[in-house]
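Listed below, chain by chain, are the residues.
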Amino acid sequence: MNILAVDTTGSNLNVLALKNGESFFYARKDAAKQHSVYIYDAVDEVLKKSGLNKKEIDIIASVTGPGSFTGIRIGVCAVKALCFALNKKCAALTSLKIAAYYEKEGITVPVISAGRGNCYYGAFNNGGEIFTPRFGTLEEAEKTASELKGSVLWYDENDARYESAFRAAVTEAVNSPIEAVKLTPLYLRLSQAEREAECK
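Residues numbered from 1 in each chain as written. Predicted model: local features only at pLDDT ≥ 70, side-chain atom pairs only at ≥ 80, totals over all residues. Heavy atoms only, no water.

> Would you mind going over helix α4 (residues 138–147) with me for this structure?
Think of an α-helix as turning once every 3.6 residues; residues three or four places apart then point the same way. Those residues of α4 not exposed but buried are A141, T144 and A145. Buried residues of α4 fall within an arc of 100° about the axis and therefore sit on the same side. Opposite the packed face of α4, turned more than 90 degrees from it, sit the exposed residues E139, K143, S146 and E147. Those residues of α4 that are buried are in contact with β6 (107–115), β7 (118–125), β8 (128–137) and β9 (151–154). (Buried < 20%, exposed > 50% of the residue type's maximum accessible area, 1.4 Å probe, protein only. Helix = DSSP H or I, 4+ residues; strand = E, 2+ residues; numbered from the N terminus. Arc of directions from axis to C-beta. Contact = heavy atoms within 4.5 Å.)

In structure tokens, the structure reads:
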């Protein structure tokens, strides 16, 4: 199976191609607020590395969140556009699922900072999701880890384990393909603009 996967939920632009089990990875560091500028060139570059053309892709995966509101929207929209253009199905996965593959054994509570003492977090047991991603305080995430007798695992897309974790999470996600029209961003809280509007 030939797979293309995109992750724009953080400050980096990450694109992965899997060609019959062999992986080809592209990362542009510090691409925040510029994902839309580079994403299609990044896709072309990773496909060139793999020797695949777009028509040879069987399925396209998108990391739908949690993370940067703008980044999530760009990645999901780009994947949907490619799926519609190429008549391909897609797959969805979360950034927390990627983090769960940093340390797949045991119970882990992956955490992504959301600023001001808040975070996005989930819980996994040997890589299997215990509950869907949540938005809360770091204290709540730490309490959850304690109650589950697990450990907090900070997600960092610059971690040396990221590429292999991304590949593992994508490989699992494509086992549950969906139609592109059903691919939606995973937003766990209102955007900054929406929060500011509520205060007026």
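That was the structure; now back to the text.
> I'm lost on the packing of helix α1 (residues 35–50) against helix α2 (residues 69–86) in this one. Help?
When two helices pack together, their arrangement is given by the angle between the helix axes and by the axis-to-axis distance. It is at 10 Å that the axes of α1 and α2 come closest, and there the two elements cross at 35°. Read as a crossing pair, α1 and α2 show a hand that is right-handed. The segment α1 lies against α2, with H35, S36, I39 and Y40 engaging G71, I74, G75, A78, A81 and L82. The residue inventory of the contact of α1 with α2, partitioned by class, reads six nonpolar, four polar and no charged. (Axes fitted to C-alpha atoms, helices over the stretch in contact; angles between N-to-C directions. Left-handed = near helix turned anticlockwise from the far one by under 90°. Nonpolar A, V, L, I, M, F, W, Y, C, P; charged D, E, K, R; others polar.)

> Can you help me understand the nonpolar core in this one?
Nonpolar side chains in soluble globular proteins tend to be buried together. Within the largest apolar cluster, 30 residues are counted, with the highest numbers of intra-cluster contacts made by L93, I98, F166 and V170. Contributions of two or more residues to this core are made by β1 (2–7), β2 (13–19), β4 (59–63), β5 (89–93), α3 (95–100), β6, β7 and α5 (162–173). It is α5 that provides the largest number of residues to this core, a total of six residues. When residues no more than four places from it in sequence are discounted, the contact partners of L93 are A61, S62, V63, T64, G65, I98, A169, V170 and A173. One finds L47, V79, C90 and L183 within the second-largest nonpolar core, a separate group that totals 28 residues. (Core = buried A, V, L, I, M, F, W, Y, C linked by side-chain atoms within 4.5 Å.)

> I tried to follow the side chain of E157 on my own but got confused; where do I start?
If you trace the backbone, E157 turns up in the loop between β9 and α5. Buried charge E157 goes without a salt bridge, the closest partner of opposite sign being K29 at 7.4 Å. At 2.7 Å, the side chain of E157 forms a polar contact with the backbone nitrogen of S11. Side-chain polar atoms of E157 contact the backbone nitrogen of N12, separated by 2.9 Å. Ignoring any residue separated from it by four or fewer positions in sequence, one finds E157 in contact with G10, S11, N12, N14, Y102 and Y162. (Lys, Arg positive; Asp, Glu negative; His and termini not counted. Salt bridge = Lys/Arg side-chain N within 4 Å of Asp/Glu carboxyl O. Polar contact = N/O pair within 3.5 Å; in protein donor to acceptor, adjacent residues only side chain to side chain.)

> Teacher, can you tell me more about the sheet that holds β9 here?
The strands that make up a sheet pair up through hydrogen bonds in the backbone, lying either parallel or antiparallel. Strand order in the open sheet formed by four strands is β8-β7-β6-β9, with mixed pairing between adjacent strands. Each edge of the open sheet is held by one strand with a lone partner, namely β8 and β9. Direction aside, neighbouring strands of the sheet carry axes that sit 25° apart on average. In the sheet, β6 pairs with β7 via six bridges, with the strands oriented antiparallel. Of the residues in β7, the one forming a bridge with V111 is Y121. (Pairing = 2+ DSSP bridges.)

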